Each structure stands twice: as C-alpha cells, then as structure tokens.
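A closer look at the structure
Each chain is listed here by its residues.
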Amino acid sequence: VPGTGYLLYQYTKHSNISKEWKFWAMDLMENGLGTPSVIQLAGEDLDMDYWSFSNLLETVFQELGIEVNQEVFHCAYVLGIAQEILHGERTARTGFELLSQATRETNYKEPFYDFYCWLDHADELEYYTIKGSGLYKDNVEEWMKQFFEKLVKVNPKYCSNTVR
C-alpha cells in the first residue's frame, strides 16, 4: 500500500495518530487487509492518546504479520521514497533531502547516512568537482535518480527483507 514506508518510519519516531494513519488503514481495507485492528484504526478519532495508539499499531502489525523492526522500517521508508522518484512523484533531489533529514532525525543511522553524505557532496559541486564519483554540477538530478534506480534494482544492502 502506498505510503507504508513513510508511516513505518513515523512509527519509529513515536508519532501520534494522524489522518495519514487513518487513510493507510482505509487503503489496507480496500486491498483486502481489513483485519479487526485495521478497521478500528480507520475509525479512530485523531485525539486518541499516544499509548492507546501505539498498542493499536502493535496489534495491526501483528495481525498483518509485520515484524516491528526499526531497521526494516527505516529501509521501507528509503524504498518508498525511491519508488516515488522512479514513478515521477517527486524529484531525486527532494528524495535525497528527505532522507538526509531522516539522517539527522535518527542520529545518523543507516540506511540514511549515505544520502546525507552524497547530498553534502552535491551541494559542494558549486565550488569543485568530486573526482571518480561521476557526479558533476550539470548532472546532479540524473545522478541522484540513477542512485535510486541502482538501490532498488541491484543493491540488497539497503533493505533486503523490507515491508514494501
């Protein structure tokens, strides 16, 4: 279901219930995954307290067979962003910026750190060239898009057992 990676990442940040969670639950129901807790999540009020919401999500994940694993959830976010870029829903630079922000929010954890470093390098191209990278001032967006393509197609290091 689209948006799953983003929401799983939000879960790792201990977010509260939001309309995005409710829409996700409705999308799950439309795709035949309307478990009792998913139906409950779709109908919950936005003023649900954090602990009740967290317990409900744990039940949702259990019913859907999703193992609660921060690393896997982070990878799902990366793959979700990559898919949006490859489908033309956002620019590659915006994807790098979002994942660079996630680097800071997670205290520089993998799998986000590479995006933080490469975005920094791309910003430095205004002043000099990075030898051997294939990254030049006039091809930044294309290089970034190719990075995402390679990540999705050939690099299992990034999230091999990930919820998509």
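Structural data are supplied above this passage.
In this text, all values refer to a predicted model and were calculated from it rather than measured experimentally.

Cut-offs and rules
Numbering of residues starts from 1 in every chain and runs along the sequence as written. Whole-chain, interface and lining totals are the exception, using all residues; otherwise, since this is a predicted model, local features are given only for residues with pLDDT of at least 70 and side-chain atom pairs are given and counted only at 80 or more. Side-chain measures were taken over the full set of non-hydrogen atoms in the model, leaving aside hydrogen atoms and water. To obtain an axis, a line is fitted to C-alpha atoms, over the contacting stretch when the element is a helix, and the angle between two such axes runs from 0 to 180 degrees between their N-to-C directions. Helix numbers and strand numbers start at the N terminus; a helix is a DSSP run of H or I with at least 4 residues, a strand a run of E with at least 2. Orientation labels follow simple angle bins: below 35 degrees gives roughly parallel, above 145 gives roughly antiparallel, 65 to 115 gives roughly perpendicular, and whatever is left gives oblique. Handedness of a crossing follows from how the near helix is turned relative to the far one, being left-handed for an anticlockwise turn of less than a right angle and right-handed for a clockwise one. The contact criterion used is simple: two residues touch if any of their non-hydrogen atoms lie within 4.5 Å. Ten residues, namely Ala, Val, Leu, Ile, Met, Phe, Trp, Tyr, Cys and Pro, are considered nonpolar, four, namely Asp, Glu, Lys and Arg, are considered charged, and the remaining ones, Gly among them, are considered polar. Think of a 1 Å grid over just the protein atoms. A cavity is a set of points where a 1.4 Å probe fits yet cannot get out, a pocket is an open set with protein on both sides within 12 Å along at least five of seven lines, and lining residues have an atom within 4 Å of a point. Grid points are joined across faces, edges and corners, and a volume is the space filled by probe spheres set on the points. Just to be clear on terms, a salt bridge is a Lys or Arg side-chain nitrogen sitting within 4 Å of an Asp or Glu carboxyl oxygen. Here's how the labels work: a residue is buried when its accessible area is under 20% of the maximum for its type, exposed when over 50%, partly exposed in between, all with a 1.4 Å probe on protein chains only. Aromatic rings from Phe, Tyr and Trp, taking only the six-membered ring of Trp, are treated as a pair when their centres fall within 6.5 Å; an angle between ring planes under 30 degrees marks them as stacked, one over 60 as edge-to-face, and anything in between as tilted. Residues adjacent in sequence count toward polar contacts only when both atoms are side-chain atoms; beyond that, a polar contact is any pair of N or O atoms within 3.5 Å, and within protein one must be able to donate a hydrogen and the other to accept it.

Okay, the packing of helix α5 (residues 70-86) against helix α6 (residues 92-105) next. Helix-helix packing is characterised by the crossing angle of the two axes and by the distance between the axes. At a closest axis distance of 9 Å, the pairing of α5 and α6 adopts a crossing angle of 165°. By the angle between their axes, α5 is roughly antiparallel relative to α6. Handedness of the α5/α6 crossing: right-handed. Counted together, Y77, V78, I81 and I85 of α5 and A92, G95, L98, L99 and A102 of α6 form the full contact between these two elements. Grouping the amino acids of the contact of α5 with α6 by side-chain chemistry returns eight nonpolar, one polar and no charged.

So, on to empty space enclosed by the protein. This model, assessed by the stated rule, comprises one cavity of 30 Å³ or more. By volume, the largest cavity is sized at about 30 Å³. With four residues, the single largest contributor to the lining of the largest cavity is helix α4 (residues 50-64). Partitioning the lining of the largest cavity into residue classes produces four nonpolar, three polar and no charged.

The subject of this paragraph is the pattern of salt bridges. Tallied over the entire structure, the rule returns three salt bridges. The salt bridge involving K13 is made with E105; its shortest N-O contact spans 3.2 Å. With K13 in the loop between α1 (4-12) and α2 (19-30) and E105 in helix α6, this pair connects stretches of sequence that are 92 residues apart. Between E84 and R90 there is a salt bridge; the shortest N-O distance is 2.5 Å. Its relative accessible area of 22% is what places E84 among the partly exposed residues.

We note that H14 has phi near 60°; this positive angle belongs to a residue other than glycine. Note that H14 resides in the loop between α1 and α2. The exposure class assigned to H14 is exposed, which follows from its relative accessible area of 56%. You will see that N107, though not glycine, has its phi angle at about 60°, which is positive.

This part covers the packing of aromatic side chains. Inspection of every chain in the model, using the stated rule, returns 22 aromatic pairs. Between Y11 and F73, the aromatic rings sit 5.9 Å apart at their centres with planes inclined by 70°, giving edge-to-face as the arrangement. In this pair, Y11 is assigned in helix α1 and F73 in helix α5, connecting sequence segments 62 residues apart. Taken together, F96, F115, W118, W143, F147 and F148 form an aromatic cluster joined through their ring pairs.

Turning to the side chain of S100, a few remarks are in order. Inspection of the secondary structure assignment puts S100 in helix α6. The class of S100 is buried, set by a relative accessible area of 3%. A distance of 3.2 Å separates polar atoms of two side chains, one belonging to S100 and the other to R104. Apart from residues no more than four positions distant in its own chain, S100 is found in contact with F115, Y116 and L119.

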